[in-house]
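Notes for the structure review
Below are the chains, spelled out letter by letter.
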Amino acid sequence: MRLLVTGGAGFIGSHFVRYLLDRYPDYRIINLDKLTYAGNRENLRDVARHPRHRFIKGDICNRPLVARLSRQVDAIVNFAADTHVDRSITRPASFLQTDVIGAGVLLDAARRCGHGRYLQISTDEVYGSIEQGYADEAAPLRPGNPYSASKAGADLLVLAYGRTYGLPVLISRCSNNYGPYQYPEKLIPLCITNGLEGLPLPLYGDGQYRRDWIHVSDHCRAVDLVLHHGIPGSVYNVGGGHELPNVDVVHRIAAALNLPASAIQFVADRPGHDRRYAVKDEKLRALGYRPVTSFDEGLAETIRWYQAHRGWWKKIRAGAFRRYYRQRYHTSRAGKGAVSGFKPQVPATHSRTEKSR
Ligand code: NAD
Ligand code: TYD
């Protein structure tokens, strides 16, 4: 099989590329990635010269490029996206562009080529906050922020292309991933790398927001199953089976790094913060899926990886990330010391009234 994997220089995509090359000795992969701030060729260093892996720097919104590459493959797996909820709150436009329009460009190309499969890598966040119980694949989409709304928009487009054009589409909706090579803006790698640099571990709001954690290697096996055994036109939820409040996750990281509880700092909350994500994944389990990495084991291994790969994340944190971190967490210029989280949201009318007084 010849596959176009997009976003393969990011966190999950790079694991999936490596997984495919190991698992399927006859697969050839074209890896299309724009190398945004989150994409990193170093994530693929061990497979950079692999004879069955070809890396192309490019944008999934580039129609001629996508059309040309699509003609060279049998199927597409789309990981490419803007992925960080906090960034989607301050700069939503590129999320709409890549996550929705980009998916549309890939779908058009797949349709023209008569591809065997198009797999959209989506997220459990499209269901919005699930205060109680679990969302199955038929649950309504109620995204709560520009990232999840863009991903939900793409999911609807994917299903519409399946229905209208008979394109054999599939969608996987996974819970929160963690593991090596995750860009240090997301909760787990941010807290690990902050802890290793002697900075506070920032916890939004009351810390009681809940996420279901999955090790990236379990996600890769799930994507493999959906790609090869999913029924075209179907959606598959992927859960990790490790639901925890954020405060527990951060306490575990602090403990593993021998940091006192005072290293954890409660900061201003994310606007529109979804309280809980939780999915039912029986459909995928019927295909043989079981997550095998326990959270304790996976977290310990992930922490060891960040301890052993300081060069990888220090380079990231020394670059544009530094400005992002300062603005996002309102620290001093040196980026040291106390953090305060999101700026309070002052409605425009209110601020005008204040000024006119
Ligand atoms: P990431 O931010 O680490 O990587 C995204 C990759 O996409 C980067 O390499 C980036 O350069 C590339 N990219 C961005 N815009 C592009 C464009 N226009 N054209 C080509 N490439 C582009 O993200 P991730 O955490 O690896 O997530 C990968 C996918 O999995 C995303 O679609 C995301 O929505 C989904 N997902 C992520 C999680 C999670 O917890 N991280 C959970 C469920 C689903
Ligand atoms: P994140 O890793 O950004 O993933 P997502 O928002 O896609 O679930 O955040 C995971 C949880 O951790 C979420 O409830 C927000 C919270 N969080 C913090 O408490 N502090 C932080 O500094 C970050 C980045 C996230």
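Residues numbered from 1 in each chain as written. Chains lettered and ligands numbered in written order. Predicted model: local features only at pLDDT ≥ 70, side-chain atom pairs only at ≥ 80, totals over all residues. Heavy atoms only, no water.

So, on to the packing of aromatic side chains. On inspection of all chains with the given rule, the structure shows 18 aromatic pairs. With a centroid separation of 5.2 Å and an interplanar angle of 70°, the aromatic rings of tyrosine 178 and phenylalanine 295 are classed as edge-to-face. Residue tyrosine 178 is located in strand β7 (residues 176-178), and its partner phenylalanine 295 is located in helix α10 (residues 295-308); the two are separated by 117 residues in the primary sequence. Of the residues examined, tyrosine 178 reaches a relative accessible area of 0% and is grouped as buried. (Phe/Tyr/Trp six-rings, centres within 6.5 Å; stacked < 30°, edge-to-face > 60°. Helix = DSSP H or I, 4+ residues; strand = E, 2+ residues; numbered from the N terminus. Buried < 20%, exposed > 50% of the residue type's maximum accessible area, 1.4 Å probe, protein only.)

The next point concerns the side chain of serine 70. Tracing the chain through its elements places serine 70 in helix α2 (residues 63-70). Not counting residues within four places of it along the chain, the set of residues in contact with serine 70 comprises Leu4, Ile76, Ala109, Cys113 and His115. (Contact = heavy atoms within 4.5 Å.)

The biggest cluster of nonpolar side chains holds 70 residues, and the ones touching the most others in it are Leu20, Val77 and Ile188. In this structure leucine 20 touches Leu3, Val5, Tyr27 and Ile29, once residues within four positions along its chain are discounted. Counting 33 residues, the second-largest nonpolar core is a separate cluster that includes Leu69, Val105, Ala110 and Tyr127. (Core = buried A, V, L, I, M, F, W, Y, C linked by side-chain atoms within 4.5 Å.)

Here we take up the site of ligand 2. Neighbouring residues of ligand 2: 19 residues in total, closest Glu125, Arg211, Arg270, His273 and Tyr329. Contacts to ligand 2 include proline 202, whose backbone N or O atom sits 2.9 Å from a nitrogen atom. The side chain of tyrosine 329 places a nitrogen or oxygen atom 2.6 Å from an oxygen atom of ligand 2. Here ligand 2 loses 98% of its free accessible area of 510 Å² to cover by the protein chains. Sorting elements by how many residues they give to the shell around ligand 2 places strand β8 (residues 201-204) first, with three residues. (Near = heavy atom within 4 Å. Polar contact = N/O pair within 3.5 Å; in protein donor to acceptor, adjacent residues only side chain to side chain. Areas by Shrake-Rupley, 256 points an atom, 1.4 Å probe, with all protein chains shown as cover.)

Here we take up the pairing of β8. What you see with β8 is no split at all: Leu201 and Leu203 on one side and Pro202 and Tyr204 on the other are buried throughout. Where β8 lies against strand β12 (residues 264-267), four bridges are found, and the strand directions are parallel. Paired with tyrosine 204 across the two strands is valine 267, which belongs to β12. (Pairing = 2+ DSSP bridges.)

As far as function goes, none of this settles anything; it's purely spatial.
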